[in-house]
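# Notes for the structure review
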Amino acid sequence: MRAVLMAGGSGTRLRPLTCDLPKPMVPILNRPIAEHIINLLKRHNITEIIATLYYLPDVMRDYFQDGSDFGVQMTYAVEEDQPLGTAGCVKNISELLDDTFVVISGDSITDFDLSAAIAFHKSKQSKATLILKRVPNPVEFGVVITDEEMRICRFLEKPSTSEIFSDTVNTGTYILEPSVLEYLPANEECDFSKDLFPQLLAKNEPMYGYVADGYWCDVGHLDSYREAQYDGLQHQVKLDFAYQEEKPGLWKGKNTFIDPTAKIETPVLIGKNCRIGPRVHIEAGTVIGDNVTIGSYANLKRPIIWNGAIIGEETHLRACVISRGSRVDRRAHVLEGAVVGALSTVGEEAQISTSVRVWPSKKIESGATLNMNLIWGNIAQRNIFGQRGVQGLANIDITPEFAVKLGAAYGSTLKPGTQVAVSRDQRSISRMVSRSLIAGLMSVGVHVQNLEATAIPIARMAATTLGVVGGIHVRVHPDRPDSILIEIFDKHGINITKAKEKKIEGAYSKEDLRRSQIHEIGNVGYPSQVNDIYRTGFAKHLNLEAIRTSSSKVVIDYAYSVSGAVLPELLAEFGCDAVVLNASLKQMSISADEKEALLTQLGQVVEALKANFGVQVSANGEQLILMDESGMAVRGEMLTALMVNLMLTANPRGTVVVPVQTSSAVEQIARRHDGKVIRTKANPTALMEASQTNPNVVLGGSWDMGFIFPQLHPGFDAMFCIAKLIEMLTIQEHSLGQIRSELPRVCHKSCTIRCPWTVKGGLMRHFVETHASEKLELVDGVKIIDSQTDNWVLILPDAGEPLVHIFANSDDRDWVDESLRKYRTYVQEFVEQEQGIEVTKAEVLLS
């Protein structure tokens with residue numbers, strides 16, 4: 001006797017498990033469902049099997065091949081053009097079916113007595129026998145009614161609650177005579193329950209139901225998928241296990257090592273070539289595939305782990321599914337009903353919430369909490385907003401779909417009918433993202449002033465004059481040429497507060513998005529004279545006479561930035577002798593190595609032309625690196641100190657605003673000019689706010705974020721900085737090299753150490769408590785100050801990664817080196833101690 005194994009389904013309700021795998025090839029107890037079905041057929045002496053395939057047919061063919069390794073003879077029939085349905089695919093191979101045959105679904109687990117069913121079929125001289133099963137909830141299945149002779153007299157495919165008239169359902173396993181296929185059309189999609197069986201009833205053909213007593217589970221959704229595994233382990237269904245039962249309830253594959261301290265509660269199945277680390281706790285019902293590594297102190301409560309997965313130390317898995325080749329890093333939590341698709345990564349201390357599905361090849365960032373399905377994009381972040389706006393891989397994380405939703409979320413926090421300015425750099429990817437943001441804003445009734453390709457300093461300044469409530473700027477990330485950075489600022493041009501970011505994130509994650517009626521949809525305007533507004537403010541805050549009479553020669557490398565489109569015009573208007581490099585607009589952003597090569601070229605040109613200085617503009621007009629007259633770069637803390645020196649020389653008794661980690665050289669310079677230094681948190685918003693709210697601020701910022709001239713606008717502005725440099729060097733009659741030689745000599749170094757998210761708060765508290773007798777500053781992180789020398793060490797938690805940065809600052813290089821070593825050791829020992837405490841707690845729970 002032959003059997004037809006219907007294996008064409010894509011299993012959409014099992015997604016993401018079936019994104020790259022046909023449903024019959026999904027593993028149950030480390031064997032594909034189809035293999036369990038083949039074993040069942042073989043137990044009843046059915047060894048000629050025809051598999052009908054449609055979705056990803058090569059997966060099944062490659063696994064079973066001709067069937068000889070499985071003790072059967074396999075033949076395959078592929079539905080090439082379109083799916084033909086459950087009956088159509090069998091009709092398609094009717095020439096191979098010349099005697100009574102069995103049709104069995106490829107997505108169920110069962111141990112029915114097929115021999116008894118076949119004997120029943122023959123005894124009744126039936127043309128079609130349906131194997132039936134009584135179930136408590138028949139809504140999901142086809143319901144069948146039979147008479148006293150078990151002849152079928154009525155059935156209904158997947159009834160509603162009000163239509164249920166029996167608890168006896170169709171299991172999708174049939175015994176058929178070849179003649180019934182004559183009722184079906186050729187090469188057309190048709191179904192047994194909807195098309196063939198109603199015709200057989202109408203023609204009064206003998207059609208019977210055989211109520212089976214064995215186990216049957218339709219693996220139609222993720223809950224039933226997990227339950228089938230648990231039932232198999234508990235022997236509720238007769239299945240052939242892939243491995244030997246080493247002891248009652250523990251099936252273990254070859255070459256698998258289990259640490260003696262691991263605690264295993266049976267029944268459990270562990271595949272071959274696995275490594276189970278120390279103190280791992282595995283609860284009953286857990287299924288572990290082949291080639292799986294489980295890190296120490298992991299806690300597994302009935303997860304289904306597929307082949308090749310890597311489970312990190314101290315992870316917690318709760319009745320979830322971890323697919324092929326996925327990685328769950330240290331201390332991550334995957335909760336009940338969640339599914340991690342193939343080749344995905346769950347970062348350290350991340351959490352995937354109950355019933356959340358992660359599609360294949362996705363990444364959950366360290367510390368992130370995922371509360372919704374991750375289908376599009378590659379990365380789930382801890383928060384939408386990072387240290388500086390929203391950022392992610394271009395057209396992968398930051399997609400049109402993401403941008404539309406982000407725009408709608410931002411707009412939903414604003415009043416309908418308000419206006420927002422949207423600007424971008426000149427690249428096509430930024431144009432795409434900005435248009436998507438505009439669509440999202442319009443959909444919630446917000447009007448848009450589209451500034452198009454505009455340098456971000458100009459966009460910030462325009463926000464104060466256009467009557468908008470805020471603005472969005474889109475650009476390629478200054479430090480990551482494959483990523484997009486989206487910054488949102490308020491009506492003053494200052495980046496929005498953390499509270500506002502949380503409000504937008506809440507609207508985004510909860511999908512609390514306002515929907516406007518047709519007449520309320522926002523409009524788009526294209527304001528003119530934006531550059532003129534900037535030009536007027538630009539000129540107003542410069543000593544134009546000094547610049548026009550300057551004999552300075554300046555070399556400016558625009559690094560193919562959008563700022564190159566406006567700055568040459570401004571400098572030419574003010575009579576500057578500026579040599580321009582790389583001012584053309586370039587679609588592709590340049591890499592860090594390319595930027596360094598351009599910097600080297602800039603130094604050579606400055607030296608060859610005997611220019612007064614050179615400057616490389618980056619970050620769409622926000623940041624710069626200087627080159628002195630000898631072609632030597634001025635960057636890092638030296639650049640911050642140089643700008644502070646120039647501005648306080650020009651503005652004695654002025655105030656400068658810098659981030660908390662800046663070198664103490666700025667205080668030494670301020671004392672020379674009777675000035676004042678204000679230190680802020682290490683983020684752009686804090687710098688902008690402090691520069692605007694404190695009196696007499698002449699400069700804000702730092703080398704790595706840019707410099708703020710608050711009289712002009714609240715943002716970072718490299719273009720104005722260049723003009724201001726020309727002005728101040730002319731008036732002060734100094735070269736950059738001379739000014740640099742007069743800067744205080746301060747040693748300022750830093751290092752970065754891994755620190756889990758859950759330990760950061762305790763680490764900061766530890767430093768505060770253990771250094772109570774010393775002078776502390778808690779502006780951002782913990783700064784420990786030596787009251788005798790004013791040397792200091794700053795321990796600063798990273799806002800976006802499980803890291804801690806340590807800065808040491810002193811006139812004494814040896815002190816800096818020793819302090820970095822000392823506090824690096826402190827942090828490492830504290831992290832290890834805290835993790836040891838958590839491990840001890842885990843041991844108590846295990847015991």
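Look up a bit, the structure's there.
So, a few notes on the structure that sits alongside this text. (Residues numbered from 1 in each chain as written. Predicted model: local features only at pLDDT ≥ 70, side-chain atom pairs only at ≥ 80, totals over all residues. Heavy atoms only, no water.)

### Examining the environment of lysine 491
Which entries qualify depends on this criterion: Comment: elements are numbered from the N terminus, with helices defined as DSSP H or I runs of at least four residues and strands as E runs of at least two. Relative accessibility under 20% of the residue-type maximum defines a buried residue, over 50% an exposed one, and the middle range a partly exposed one, all with a 1.4 Å probe and only protein chains included. In this analysis, two residues are considered to be in contact whenever any of their non-hydrogen atoms come within 4.5 Å of each other.
Turning to its location among the elements, lysine 491 is positioned in the loop between strand S42 (483-490) and helix H10 (498-509). Classification of lysine 491 as partly exposed rests on a relative accessible area of 49%. A sequence separation of 134 residues divides lysine 491 from isoleucine 625, and the C-alpha atoms of the two residues are 29 Å apart. When near neighbours in sequence (up to four residues on either side) are disregarded, lysine 491 contacts Ala463, Thr464, Val468, Val469 and Gly470.

### Section: the nonpolar core
What counts is decided by this rule: Joining through side-chain atoms within 4.5 Å is the link that ties buried Ala, Val, Leu, Ile, Met, Phe, Trp, Tyr and Cys residues into a set, and such a set is a nonpolar core.
Residues Tyr534, Phe538, Leu626, Leu642, Met643 and Leu699 are the most contacted members of the largest nonpolar core, which totals 66 residues. Discounting residues that sit within four places of it in the chain, methionine 643 has contacts with Leu699, Phe707, Phe709, Cys721 and Leu725. Among the nonpolar cores identified, the runner-up in size contains 62 residues, and Ile33, Tyr208, Tyr210 and Val219 belong to it.

### A word on empty space enclosed by the protein
The test is simple: Site definitions follow a grid-based scheme: protein atoms alone, a 1 Å grid, a 1.4 Å probe that fits but cannot get out for cavities, and for pockets an open set with protein on both sides within 12 Å along at least five of seven lines, plus lining residues having an atom within 4 Å of a point. Grid points are joined across faces, edges and corners, and a volume is the space filled by probe spheres set on the points. Each residue receives one of three labels: charged for Asp, Glu, Lys and Arg, nonpolar for Ala, Val, Leu, Ile, Met, Phe, Trp, Tyr, Cys and Pro, and polar for the others, Gly being one of them.
A full pass over the atoms with the stated rule returns 5 cavities of 30 Å³ or more. Approximately 50 Å³ is the volume attributed to the second largest cavity. Elements represented by at least two residues in the lining of the second largest cavity include exactly S42 and helix H17 (684-693). Within the lining of the second largest cavity, the residues separate by chemical class into 4 nonpolar, 4 polar and 3 charged.

### Looking at the sheet that holds strand S14 (residues 244-247)
Strand pairing in a sheet is mediated by backbone hydrogen bonds. Such pairs are either parallel or antiparallel. The condition that has to hold: Think of it this way: DSSP has to see at least two bridges between two strands before they count as a pair.
Spatially, the 8 strands line up as an open sheet ordered S14-S15-S18-S21-S24-S27-S30-S33, and their pairing is mixed. At either end of the open sheet lies a strand with only one pairing partner, and these are S14 and strand S33 (357-358). Of the pairings in the sheet, the one linking strand S24 (residues 304-305) to strand S27 (residues 321-322) comprises 2 bridges and is parallel in character. The residue bridging isoleucine 305 from the neighbouring strand is isoleucine 322, located in S27.

### Describing the sheet that holds strand S47 (residues 623-627)
Strand order across the open sheet formed by 5 strands is S45-S44-S46-S47-S48, with mixed pairing between neighbours. The sheet is open, and its two edges are formed by strand S45 (577-581) and strand S48 (633-634), each paired on a single side. In terms of strand pairing, strand S44 (residues 553-557) meets S45 through 5 bridges, oriented parallel. Counterpart to aspartate 557 in the pairing with S45 is leucine 581.

### What about the side chain of arginine 31?
The following threshold applies: For the purposes of these results, a polar contact is taken to be a pair of N or O atoms within 3.5 Å, where, inside protein, one atom must be able to donate a hydrogen and its partner to accept one; residues adjacent in sequence count only when each atom of the pair is a side-chain atom.
Take arginine 31: it is sitting in strand S3 (residues 31-32). At a separation of 3.1 Å, a polar atom in the side chain of arginine 31 contacts the side chain of glutamate 35. Separated by 2.8 Å, the side chain of arginine 31 and the backbone oxygen of aspartate 240 make a polar contact. Beyond its immediate sequence surroundings of up to four residues, arginine 31 is in contact with Val26, His36, Asn39, Asp240, Phe241 and Ala242.

### Concerning the environment of isoleucine 518
You can see isoleucine 518 is positioned in the loop between H10 and strand S43 (524-525). Its relative accessible area of 81% is what places isoleucine 518 among the exposed residues. Considering only alpha carbons, one finds isoleucine 518 and glycine 445, 73 residues apart in sequence, at a separation of 9.3 Å.

### Re helix H9 (residues 456-463)
Extensive coverage of H9 is indicated by the burial of 8 of its 8 residues. When H9 is considered as a whole, its buried residues turn out to be Ile456, Pro457, Ile458, Ala459, Arg460, Met461, Ala462 and Ala463.

### Quick word on the packing of helix H1 (residues 33-43) against helix H2 (residues 57-64)
Put simply, the rule reads: Lines fitted to C-alpha atoms define the axes here, with helix axes fitted over just the stretch in contact, and angles between the N-to-C directions of these axes take values from 0 to 180 degrees. Oblique is the label for any angle not under 35 degrees, not over 145, and not in the 65 to 115 range, which are roughly parallel, roughly antiparallel and roughly perpendicular in turn. Crossings are assigned a handedness: left-handed for a near helix turned anticlockwise from the far helix by less than a right angle, right-handed for a clockwise turn.
Two elements in contact, H1 and H2, have axes separated by 11 Å at closest approach and are oriented at 50°. Here H1 is positioned oblique relative to H2, judged by the angle of their axes. Here H1 runs over H2; the crossing is right-handed. Note on element contacts: H2 touches H1 through Met60, Tyr63 and Phe64, opposite Ala34, Glu35 and Ile38.

### Some points on the side chain of arginine 331
If you trace the backbone, arginine 331 turns up in the loop between strand S28 (327-328) and strand S29 (333-334). By relative accessible area, arginine 331 is classed as buried at 6%. Polar side-chain contacts of arginine 331 include one of 3.0 Å to the side chain of glutamate 314.

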